[in-house]
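Here are the chains, one letter per residue:
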Amino acid sequence: TMTIHSEEHIVDVHVRSGVYSSDTIFDYTHGYIATRLFSRNACFIMKIKKEIIPDLQEIGRLAFERETMRDVYSPNNVWTLFQAGNSRLGNFRDWILYGKHIENLCTGLPLYE
């Protein structure tokens, strides 16, 4: 499911698929995306690259088209591969940078950037 909060410039994406379940937040105000993978009990954070990641209005349009047309193909699909590496727990400075929505999603979990 996808929820778009236009007034807060936030998109929440919830995937419920057993071991592949995840929650993702696109925070356009702070310019970051965070994905919490439940199978790994970890948060992965990346900077929004405007040339790759659709803007808030485009995500809404694509979601509406996909639901309306029941078509899973989109030329705008974005795949991200995270490399295993060093993790750390978020601190006060991280939450200022990433914002309260990502803090709520990722507090207490290892962060991978």
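Nothing here was measured: the structure is a model prediction, and the numbers come from that model. (Residues numbered from 1 in each chain as written. Predicted model: local features only at pLDDT ≥ 70, side-chain atom pairs only at ≥ 80, totals over all residues. Heavy atoms only, no water.)

1. Quick look at the environment of Tyr 20
Thought 1: Looking at the secondary structure, you find Tyr 20 in the loop between strand S2 (10-15) and strand S3 (22-27).
Thought 2: Taking the C-alpha atoms as reference points, Tyr 20 and Phe 38, 18 residues apart in sequence, are found 7.5 Å from one another. (Helix = DSSP H or I, 4+ residues; strand = E, 2+ residues; numbered from the N terminus.)

2. Quick look at the pairing of S3
Thought 1: Extensive coverage of S3 is indicated by the burial of 6 of its 6 residues.
Thought 2: Burial along S3 is two-sided: the residues Ser 22, Thr 24 and Phe 26 and Asp 23, Ile 25 and Asp 27 are all buried.
Thought 3: Across 6 bridges, S2 lies against S3 in antiparallel orientation. Considered in S3, the bridge of Asp 12 is made with Ile 25. (Buried < 20%, exposed > 50% of the residue type's maximum accessible area, 1.4 Å probe, protein only. Pairing = 2+ DSSP bridges.)

3. Considerations on unusual backbone geometry
Thought 1: Its identity is not glycine, yet His 9 carries a phi of approximately 60°, on the positive side.
Thought 2: Note that His 9 resides in the loop between strand S1 (2-5) and S2.
Thought 3: Positive phi is not limited to glycine here, since Asn 41 has a value of about 50°.
Thought 4: Looking at where Asn 41 falls in the secondary structure, it is placed in the loop between strand S4 (32-37) and strand S5 (42-47).

4. Considerations on the packing of aromatic side chains
Each pair of aromatic rings is reported with the distance of its centres and the angle of its planes.
Thought 1: For the structure on display, the rule yields 4 aromatic pairs.
Thought 2: A centroid spacing of 4.8 Å and a plane angle of 75° characterise the contact between Tyr 32 and Tyr 98, whose relative ring orientation is edge-to-face. A residue pair is termed long-range when its members are at least 10 positions apart, and Tyr 32 in strand S4 and Tyr 98 in helix H2 (residues 92-98) qualify at 66 residues. Here the two residues Tyr 32 and Tyr 98 agree in accessibility, since each one is buried.
Thought 3: Taken together, the ring pairs connect Tyr 32, Trp 95 and Tyr 98 into an aromatic cluster. (Phe/Tyr/Trp six-rings, centres within 6.5 Å; stacked < 30°, edge-to-face > 60°.)

5. A look at the environment of Gly 90
Thought 1: As for its position among the elements, Gly 90 is in the loop between strand S6 (88-89) and H2.
Thought 2: Overall, Gly 90 belongs to the partly exposed group, its relative accessible area being 27%.
Thought 3: On a C-alpha basis, the gap between Gly 90 and Thr 107 in space is 6.8 Å, while along the polypeptide they are 17 residues apart.
Thought 4: Once you skip the residues sitting within four places of it in the chain, Gly 90 turns out to touch Trp 95 and Leu 111. (Contact = heavy atoms within 4.5 Å.)

6. Side note on the pairing of S4
Thought 1: Relative to S4, S3 runs antiparallel, the two being bridged by 6 bridges. Looking at S4, one finds that Ser 22 is bridged to Leu 37.
Thought 2: In this sheet, S5 lies alongside S4 in antiparallel orientation, the contact comprising 6 bridges. The residue of S5 that forms the bridge with Thr 35 is Phe 44.
Thought 3: Between S4 and S5, which pair antiparallel and follow one another directly, the connecting turn spans 4 residues, one of which, Asn 41, has a positive phi of 50°.

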